[in-house]
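Listed below are the residues making up each chain.
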Amino acid sequence: MLPAAPQLPNFAHVRPWTRSPRPHGLTTRLSRFRPGIVPTATSSAPLARRIADARAQLTTDIIPTTYAMSVSTEGSILAMASGAGWKSRDPTLQYYLLDSQSDNCLEGVNINPGLSGVPRFIATDEDNKLVFLADDDRVKSFSFGPGEDGVMPKRLPNLHTMDSTRAYDGPIAIFPDGRLVRAGKGQAAIWDISTLNDGIGETTPRIGSSSPSVEKSGGSKPHSTVAFADDPTYSPSIWHLHAPSGHLICGERAARSGGCGCLALDLEHGGRRAARYLGHGGDVVRITTSPGDPNLFVTAASDGYARMFDVRRPLPVLTIETGIQREGCADVVFVHPDGIPTLFTGGDRTQQIKMWDIREQECVYELSTGNNAVSAMAWDDAHASLYVATTCPHVNRLGERAGYRRARIPTWATWAGVERDYKAYKASGPVSPAKPKPNPIVVHDENGEVMSDEGEDGRGYYDTESESGAEDEDEIDEAYSADMRWPEKCFHRENYFGYAYDAGENMLFRWHFKEEPDITQLPASTTSDW
């Protein structure tokens, strides 16, 4: 007689948003907090506290497929390297003049930059009011400063064109003295912007493309080159200028160079390797620094980890697992609001942004991306805003949606439910800041796995009941759900966040952290009318 099959345990799943903590009445409904986490930000650090409470007003805008983005140091412009048109093949510069944006909408402009290929790299120069956009062949600059009449032009004029000669097709960086640097294999090209001629050459139509023209001129040749002294085959796929040292912190990709290392190059002294940073198990895809700490930088890697390094040490001082198994860390933003180190990481398969308290070494909360994958992020310190460019995985390159079902949205996750709670908060008058909650009681199964996190009120992050039992807790708004659609394959269910939102398009998110955000300003979710 065969022995009885072992009984499988109840699988833990995440409880509805209503069973999760909410630190403030003006916390955005598109956030979800982890239980038992007490952020280090206090009322003496107002901006850091607003970020820790997720008091943010959301504004969105439909965008083309975005590969990189940059915010100028003083928050004048957000510029994105994008591909638009049929199958995202048309080169596009999408930009937003941030000082002229309103609280309730984003007004962007997209222009044809005159490049022959889709741009993959972008950089902004606040001092010279220039945006630099690069495809494989050339780099072009666009001015976001006022014209001779003192008026900002409606469309950014193209000032310079630089010829990369295809030997320099890597990332670009701007040195403080006005030099543009672009990486190639074993060497880097350098242009002195102040000596370049203004203006562009003739243009020619792009055959088979909706973009009207491509500039015929190859552009200015590099003024000088620097060979990488230690490795003539080294080919950086990403780099970031570490301003205090003047070194370029570089990452490489295995498909391009056979490795996934990270090192610092000193181009001012013959392109020598100044330092090497260890610990990456995948391609380095993003590197970021913060003016709040001149010795630290953070990398995002395809192995699913964000790593914080001290430039004086070869090993990471902090390693954070940002996603699920086999998911890469799409991007990372490192900031110091009121001097408190804070990290934002973007997820691809998990379709969310995570905010990390570095001092606590914990994820405080998650922000929704409307079931979209994060493609790029940038922080605007001047306006206390986080910008997130996302890609919708449920729309193919022809713009056709697929894989949607009828939504099942709880009553509290509709816009009317959000408005009702907001009016109740306003009617109750000012309230004192939320008191820190006690650490949760963590329940483990017989194998030591976490089954549930329970606070004082018995509400936790995980639940071991059946999935259908959890659905019964939520009263579904059938009338509202009849017109709404939800992806069949996505990371979050309709009840994960406080507002059921599916973007259904490539979308730009602006999270503006402020004292009194309008949390009822929420984007419309995908409906049956598509």
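Residues numbered from 1 in each chain as written. Predicted model: local features only at pLDDT ≥ 70, side-chain atom pairs only at ≥ 80, totals over all residues. Heavy atoms only, no water.

A. View of helix α1 (residues 46-53). Counted residue by residue, α1 has 7 buried out of 8 residues, so it is predominantly covered. Those residues of α1 not exposed but buried are Leu47, Ala48, Arg49, Arg50, Ile51, Ala52 and Asp53. At its buried positions, α1 is contacted by β2 (31-33), β27 (342-347), β28 (352-357), β29 (362-368), β30 (373-380) and β37 (507-513). Backbone geometry just downstream of α1 places Ala54 in the positive-phi region, at approximately 60 degrees. (Buried < 20%, exposed > 50% of the residue type's maximum accessible area, 1.4 Å probe, protein only. Helix = DSSP H or I, 4+ residues; strand = E, 2+ residues; numbered from the N terminus. Contact = heavy atoms within 4.5 Å.)

B. Region of interest: the nonpolar core. In this structure, Phe344, Ile353, Tyr365, Leu386, Trp511 and Phe513 are the most contacted members of the largest nonpolar core, which totals 33 residues. Listing elements by their share of this core, those giving two or more residues are α1, β3 (56-62), β26 (329-335), β28, β29, β30, β31 (385-391) and β37. A total of 4 residues in this core trace back to one element, the largest contributor, which is β37. In this structure Ile353 touches Phe344, Thr345, Tyr365, Glu366, Leu367, Thr369, Val374, Met377, Leu386, Val388 and Trp511, once residues within four positions along its chain are discounted. Ranked by size, the runner-up nonpolar core spans 16 residues in total, among them Val181, Tyr234, Cys250 and Leu265. (Core = buried A, V, L, I, M, F, W, Y, C linked by side-chain atoms within 4.5 Å.)

C. Highlighting the sheet that holds β3. Taken in spatial order, the 4 strands line up as β3-β37-β31-β30 in an open sheet, and their pairing is antiparallel. One side of each edge strand has no neighbouring strand; the edge strands of this open sheet are β3 and β30. The sheet shows a mean angle of 20 degrees between the axes of neighbouring strands, direction not considered. Taken together, the 5 bridges between β31 and β37 define a ladder with antiparallel strand orientation. Along β37, the bridge assignment pairs Tyr387 with Arg510. (Pairing = 2+ DSSP bridges. Axes fitted to C-alpha atoms, helices over the stretch in contact; angles between N-to-C directions.)

D. Examining the packing of aromatic side chains more closely. Under the criterion given, the structure shown has 12 aromatic pairs. An aromatic cluster is defined as three or more aromatic residues linked by ring pairs; in this entry it consists of Tyr277, Phe297 and Phe309. Arg32 extends its terminal NZ or CZ atom over the ring of Tyr496, reaching a point 4.7 Å from the ring centre. (Phe/Tyr/Trp six-rings, centres within 6.5 Å; stacked < 30°, edge-to-face > 60°. Lys NZ or Arg CZ within 6 Å of the ring centre and 35° of its normal.)

E. Broad picture of the pattern of salt bridges. Tallied over the entire structure, the rule returns 20 salt bridges. For Arg401, the salt bridge identified is with Glu505, shortest N-O distance 3.1 Å. In this pair, Arg401 sits in the loop between β31 and β32 (404-406) while Glu505 sits in the loop between β36 (485-487) and β37, placing the two residues 104 residues apart along the sequence. Given the relative accessible area of 23%, Arg401 is considered partly exposed. (Salt bridge = Lys/Arg side-chain N within 4 Å of Asp/Glu carboxyl O.)

F. A look at unusual backbone geometry. A positive phi is found at Thr165, a non-glycine position, where the angle reads about 55 degrees. Looking at where Thr165 falls in the secondary structure, it is placed in the loop between β11 (158-163) and β12 (172-174). Overall, Thr165 belongs to the partly exposed group, its relative accessible area being 37%. Phi is positive for Gln361, which is not a glycine, with a value near 55 degrees. Along the polypeptide, Gln361 turns up in the loop between β28 and β29.

G. Geometry of helix α3 (residues 415-428). Compared with an ideal rise of 1.5 Å per residue, which puts 14 residues at 20 Å, α3 spans 20 Å between its outermost C-alpha atoms and is within 8% of the ideal. When α3 is considered as a whole, its buried residues turn out to be Gly417, Val418, Tyr422 and Tyr425. The buried residues of α3 all sit within an arc of 135 degrees when viewed along its axis, so they share a single face. Turned more than 90 degrees away from the buried face of α3, the exposed residues are Lys423 and Ala427. (Expected span 1.5 Å × (residues − 1). Arc of directions from axis to C-beta.)

H. How the structure looks around the environment of Thr322. If you trace the backbone, Thr322 turns up in the loop between β25 (318-321) and β26. Thr322 gets classed as buried once you look at its relative accessible area, which sits at 5%. Not counting chain neighbours up to four residues away, the residues in contact with Thr322 comprise Gly304, Tyr305, Ala306, Cys329, Thr345, Lys354 and Trp356.

I. Examining the sheet that holds strand β6 (residues 90-97) more closely. With respect to topology, 4 strands assemble into an open sheet ordered β4-β5-β6-β7, the strand pairing being antiparallel. The open sheet terminates on both sides in strands that have one partner only, identified here as β4 (65-71) and β7 (109-111). Taking each pair of neighbouring strands and ignoring which way they run, the sheet shows an average axis angle of 20 degrees. By the bridge criterion, 3 bridges tie β6 to β7 in an arrangement that is antiparallel. When the bridges of β7 are listed, Leu93 appears paired with Ile111.

J. Region of the structure containing the environment of Asn128. Along the polypeptide, Asn128 turns up in the loop between β8 (121-125) and β9 (130-134). Classification of Asn128 by relative accessible area gives partly exposed; the value is 39%. With 16 residues separating them along the chain, Asn128 and Phe144 place their C-alpha atoms 8.9 Å apart.

K. Broad picture of the side chain of Ser237. Relative to the helices and strands, Ser237 is located in the loop between β17 (224-227) and β18 (238-242). Here Arg253 takes part through its backbone nitrogen, which lies 3.5 Å from a polar atom of the side chain of Ser237. (Polar contact = N/O pair within 3.5 Å; in protein donor to acceptor, adjacent residues only side chain to side chain.)

L. Focus on empty space enclosed by the protein. Following the criterion strictly, the structure yields 4 cavities of 30 Å³ or more and no others. The space that makes up the largest cavity amounts to roughly 70 Å³. What lines the largest cavity is a set of 15 residues, and nearest its centre among them are Ser368, Asn371, Trp486, Phe497 and Tyr501. (1 Å grid on protein atoms, 1.4 Å probe; cavity = no way out; pocket = protein on both sides within 12 Å on 5 of 7 lines; lining within 4 Å. Points joined across faces, edges and corners; volume = space filled by probe spheres on them.)

M. Here's a closer look at the pairing of β8. Extensive coverage of β8 is indicated by the burial of 5 of its 5 residues. Residue alternation in β8 divides its side chains into two sets, Phe121, Ala123 and Asp125 and Ile122 and Thr124, and both sets are buried. Here β8 pairs with β9 via 5 bridges, running antiparallel. The residue bridging Phe121 from the neighbouring strand is Ala134, located in β9. From the end of β8 to the start of β9, which pair antiparallel, there are 4 residues, and Lys129 there has a positive phi angle of about 55 degrees.

N. Broad picture of the pairing of strand β20 (residues 262-266). Taken across its 5 residues, β20 has 5 buried, putting it largely inside the fold. With burial as the criterion, each face of β20 is covered, one bearing Cys262, Ala264 and Asp266 and the other bearing Leu263 and Leu265. Sheet topology note: the strand β19 (residues 247-251)/β20 ladder contains 4 bridges and is antiparallel. What sits directly across from Ile249, in β20, is Ala264. Alignment of β20 against strand β21 (residues 272-277), held across 5 bridges, turns out to be antiparallel. Across the sheet, Cys262 pairs through a bridge with Tyr277, a residue of β21. In sequence, β20 turns back onto β21 through a hairpin of 5 residues, with Gly270 there showing a positive phi of about 80 degrees.

Function-wise, these values are silent; they only describe arrangement.
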